[in-house]
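# Fold and geometry: a report
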Amino acid sequence: MAIQDIRFDPNGPSIRAAVVFRTPQVVSYGLMLWESGSNDVVMEEKGNSENPEDDAYSLPMPARDNNGRILECDLVIVSPDPKPSEKYQVDLVVSQGASELGKLSAMGTVSAKTSTDTLFAKLVGA
Amino acid sequence: MRAYWGRALIVALAVAGMPRAGQADLSDSLKAARLDLAVPQAPAFELLDVNPDAILRPGTFRELAVGLGSGDLRQASVEFAPVPLFAGHQSLTEYQRSRLWNTWRVSLATQTPEGGAVSMSAGLRVSIIDRSDPRMDRAFLHQLYGAADRVRDAMLEANKRLRGNPALFEAKKQGEKDEIQSQINAAVAAVATAEDARIDSLREAQRQSHWNAPILELAFAGVGTSADSSFKALHVARYAAWLTGGLPAGQRGQVLAGAQAGLVPDVNGALKRSQGAASVRAYAGSNEVKGFLGGNLRWANGTLPVQAAHFGMELRLVPGIWAEINAGITREGSTDAKWTSGVRLRYATPEERESKVSAL
């Protein structure tokens, strides 16, 4: 598994994680924030692409508390009408205030069955 | 078992049952009757008779630019959906908000015979109404979301319980990681297998219940010719337009009506000769097997009108492949009506499957 480092300002405003659906499939996601060096889950959210509201979540404050924590996004993708070579893309966008800190993309080809994918980001105070 | 033998019999008939000698003209009339109900996927190609193997179908603007940039523009054919191509990625809710715009398909083609004039064709196809679109069926989608949510819950639970913190997991020995990962895969698969079967059933039920849903499709195209590749002396050589609509007739029936009309050059080369066709067909049955009854009228300035009536049966062998048995009578002007019959296999390409009408 690839864990991408995302740097943030420990003294800055709230960090937000947003799940962005880029392709027209049914997507269900689970977002977990793992405590640094522990198996404790600090925050857990679930959602899907059924409604048009933003799928964005504020991480705990103060921002510095998130140093070393890992953000995990588990994805399940289902195409309503799968076509050969139909692609999916779901992004996990991490931002702080008005600044985008980083973006991770889950991309692949849908199958006739459920497809799964996972994104990992390690938050690094800098 | 009975259904299996029925399908096998129809396949055998379709493979062996080509039209008999002397019936080619009648078969052409029946073929024309069928075609009149199909709005072409790429109307520009319909007018220029483009080789389907050479068509560029870009999914991104970059693919379009690269494809056109590397080819011979005097012998090019391209088909694309402009809105997704230029607007970029769309989520399911964005697709639902702009379905009509998403159905626009542009087709462009050029042909230049050795030493001949350059022909350029442009076409547009729009699916104005398509109530069979699974991405617009909110009840169906809600059930898919339920299935996806259950797999997601199993995935979250397995990752939390069996794997834990991803960084701590990565620090383990490879053998231990493999063992944990196989346990996670098994735990998720236990749920996903059942949900996949449920999704298959939901998709099939959606197809069965919407095969006769309302549709309305429109296309038009024009061909221009020019003596040279500068297109300075471009003049319109031909126009054509197609319209097809369908409505359910009860739960197990459908009525489709289609029309096409066009202008072509007369004997003097003036764009004054009109031609057209109208067709109607009624279906009864299900998406798997249905009978049909229909009629067709085709006319052109200076020729006798051709009338045809036909009936038959369609059987879906597997998704995208149909067998059809048909019979009918054709009459040209006031001549005696002639009888014909035929069996054929039909398939839909992935692009054609996007169009319900084209698949009929």
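Quick look at the structure, then. (Residues numbered from 1 in each chain as written. Chains lettered and ligands numbered in written order. Predicted model: local features only at pLDDT ≥ 70, side-chain atom pairs only at ≥ 80, totals over all residues. Heavy atoms only, no water.)

## A closer look at helix α8 (residues 138-163) of chain B
Its 26 residues give α8(B) an end-to-end C-alpha distance of 36 Å, which sits within 8% of 38 Å, the value for a rise of 1.5 Å per residue. Where α8(B) terminates, the next one or two residues include B:G164, which has phi positive at roughly 75 degrees. (Helix = DSSP H or I, 4+ residues; strand = E, 2+ residues; numbered from the N terminus. Expected span 1.5 Å × (residues − 1).)

## A short note on the pairing of strand β4 (residues 41-48) of chain A
Residue and element names in this part refer to chain A. Sheet analysis places strand β3 (residues 26-34) next to β4, joined by 7 bridges and oriented antiparallel. The partner of Y29 across the bridge, within β4, is G47. Following β3, the chain reverses through 6 residues before pairing antiparallel with β4; G37 in that reversal takes a positive phi of roughly 65 degrees. (Pairing = 2+ DSSP bridges.)

## Quick notes on the interface of chain B and chain A
Across the boundary between the two partners, chain B contributes 38 residues, which contact 48 residues of chain A. For the pair chain B and chain A, the two sides together bury roughly 3,600 Å², of which 61% comes from carbon and sulfur. At the boundary of chain B with chain A, the tally comes to 4 salt bridges. A salt bridge links B:R163 to A:E72; the nearest nitrogen and oxygen atoms lie 2.3 Å apart. Between the two partners, chain B and chain A, sit 24 residue pairs in polar contact (both at pLDDT 80 or more). Going through the elements one at a time, α6 (92-97), α8, α9 (166-170) and α10 (174-210) of chain B are the ones with two or more residues in the side of chain B that touches chain A. Taken together, the residues that form the side of chain B that touches chain A break down as 18 nonpolar, 8 polar and 12 charged. (Contact = heavy atoms within 4.5 Å. Buried area = accessible area lost by both parts, 1.4 Å probe. Salt bridge = Lys/Arg side-chain N within 4 Å of Asp/Glu carboxyl O. Polar contact = N/O pair within 3.5 Å; in protein donor to acceptor, adjacent residues only side chain to side chain. Nonpolar A, V, L, I, M, F, W, Y, C, P; charged D, E, K, R; others polar.)

## Quick word on the sheet that holds strand β9 (residues 115-125) of chain A
Here we have 5 strands laid out as an open sheet, ordered β1-β9-β6-β3-β4 (chain A), and mixed in their pairing. Pairing within the sheet leaves two strands with one partner each, and these edge strands are β1 (3-8) and β4 of chain A. Shown here is a sheet whose adjacent strand axes are inclined to one another by a mean of 20 degrees, direction ignored. Strand contacts of α8(B): β3, β4, β6 (70-78) and β9 of chain A, with the helix running at about 25 degrees to β3(A), the strand carrying the most contacts. (Axes fitted to C-alpha atoms, helices over the stretch in contact; angles between N-to-C directions.)

## Quick look at a nonpolar patch on the surface
Residue and element names in this part refer to chain B. A contiguous nonpolar surface patch, about 290 Å² in accessible area, is contributed by L100, I128, L218 and L243. Here I128 lies in strand β3 (residues 118-130). With relative accessibility at 36%, the residue I128 sits in the partly exposed group. (Patch = residues over 30% accessible without salt bridge, like charges linked within 9 Å, V, L, I, M, F, W, Y side chains within 5 Å. Areas by Shrake-Rupley, 256 points an atom, 1.4 Å probe, with all protein chains shown as cover. Buried < 20%, exposed > 50% of the residue type's maximum accessible area, 1.4 Å probe, protein only.)

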